[in-house]
Amino acid sequence: RMGENINFWYYGGALLAYPIALGIALSLYFFSKYFPLQTNKNKKIYDLAILVPAFILSIIVYTKGAFVLSFTKDLARSEYTLYVNKPFYILYGVYFIVVALLALLNLYRKIKMPDIYFKKQTLILFIAIFIGLVFGAYFDLILCYFANYHYTWFGPVFTLFVNAVVFYLIISPKEKIND
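Treat the numbers as computed from the prediction; the structure is a model and nothing was measured.

(A) Here's a closer look at the overall build of the protein chain. When its secondary structure is counted, the protein chain shows six helices and two strands. Each helix (α) and strand (β) of the protein chain, taken in turn from the N terminus, gives the series α-α-β-β-α-α-α-α. Considering only contacts within the protein chain whose residues lie at least 6 apart along the sequence, 66% involve residues at least 24 apart. For the protein chain, the exposed area adds up to about 10,800 Å²; of that, 72% sits on carbon and sulfur atoms.

The structure is reproduced here in structure tokens:
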């Protein structure tokens, strides 16, 4: 019975990473929509078109046998391997990347605006999100697609990097960056 509880927590913890990653991508998208100013005033239907698939994918992740087919846990190395349903995993990965690319597109449009005040901050944020997307997708999506979970610890480092850049942009003196 104790082993069953341990497996439940490992399995639940492994699954939790997927909706959290979607939440991070959605946060980046909505942050990019309003930082440093709101430029595209989309109708609510567009926001729903972004949010509803995330909600559905989160339900699929937790539907037994739909997203994760099985998993193994190596207690000695404190490592797990998930065996995922490849079509749903690809759908999840494409959605995640599309939302992150939409965030980058929002920022790129703002960088190209001639009279935007926070142009340097927007460029710095664009570069940080781009780096986080490329490396995070590699370590947390592509390698995991091939059931290689040895380097999943490296993906959150890039999420932390993006968060640190956002924090820096929020607390730094604006004159210092705009010079």
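(B) Looking closely at the environment of A54. Looking at the secondary structure, you find A54 in helix 2 (residues 44-62). Owing to a relative accessible area of 5%, A54 belongs among the buried residues under this scheme. Taking the C-alpha atoms as reference points, A54 and Y95, 41 residues apart in sequence, are found 8.1 Å from one another. Residues in contact with A54, not counting those within four places in the same chain, are L22, L26 and Y95.

(C) Expanded view of the side chain of K110. Following the sequence through the fold, K110 ends up in helix 3 (residues 86-111). The side chain of K110 sits in the buried core without any salt bridge; D47 is the nearest counter-charge, 12 Å away. A distance of 3.0 Å separates a polar atom in the side chain of K110 from the backbone oxygen of K33.

(D) Inspection of the nonpolar core at higher detail. Judged by nonpolar contacts, the single largest core of 42 residues is most densely connected at Y18, F67 and Y95. Among the elements of the structure, helix 1 (2-34), helix 2, strand 2 (79-84), helix 3, helix 4 (119-145) and helix 5 (155-171) are those that each provide at least two residues to this core. Here this core takes 10 residues from helix 3, the largest share from any one element. Dropping the residues within four chain positions of it, F67 is found in contact with Y18, I60, V61, Y83, V84, N85, F88, Y89 and Y92.

(E) Summary view of the packing of aromatic side chains. Overall, the coordinates contain 14 aromatic pairs when judged by the stated rule. An angle of 35° between the planes, with centres 6.0 Å apart, marks the rings of F67 and Y89 as tilted. With F67 in the loop between helix 2 and strand 1 (68-74) and Y89 in helix 3, this residue pair connects regions lying 22 residues apart in the sequence. The exposure class of Y89 is buried, given its relative accessible area of 3%.

(F) Up close: a nonpolar patch on the surface. On the surface, a cluster of nonpolar side chains totalling about 700 Å² of accessible area is made up of I45, Y46, L48, V52, F55, I56 and I59. Position of L48 relative to the elements: it lies in helix 2. A residue is classified by how much of its surface remains accessible, and L48, at 45% relative accessible area, is partly exposed.

Reading guide: rules and limits
- Residues numbered from 1 in each chain as written.
- Predicted model: local features only at pLDDT ≥ 70, side-chain atom pairs only at ≥ 80, totals over all residues.
- Heavy atoms only, no water.
- Helix = DSSP H or I, 4+ residues; strand = E, 2+ residues; numbered from the N terminus.
- Contact = heavy atoms within 4.5 Å.
- Areas by Shrake-Rupley, 256 points an atom, 1.4 Å probe, with all protein chains shown as cover.
- Buried < 20%, exposed > 50% of the residue type's maximum accessible area, 1.4 Å probe, protein only.
- Lys, Arg positive; Asp, Glu negative; His and termini not counted.
- Salt bridge = Lys/Arg side-chain N within 4 Å of Asp/Glu carboxyl O.
- Polar contact = N/O pair within 3.5 Å; in protein donor to acceptor, adjacent residues only side chain to side chain.
- Core = buried A, V, L, I, M, F, W, Y, C linked by side-chain atoms within 4.5 Å.
- Phe/Tyr/Trp six-rings, centres within 6.5 Å; stacked < 30°, edge-to-face > 60°.
- Patch = residues over 30% accessible without salt bridge, like charges linked within 9 Å, V, L, I, M, F, W, Y side chains within 5 Å.

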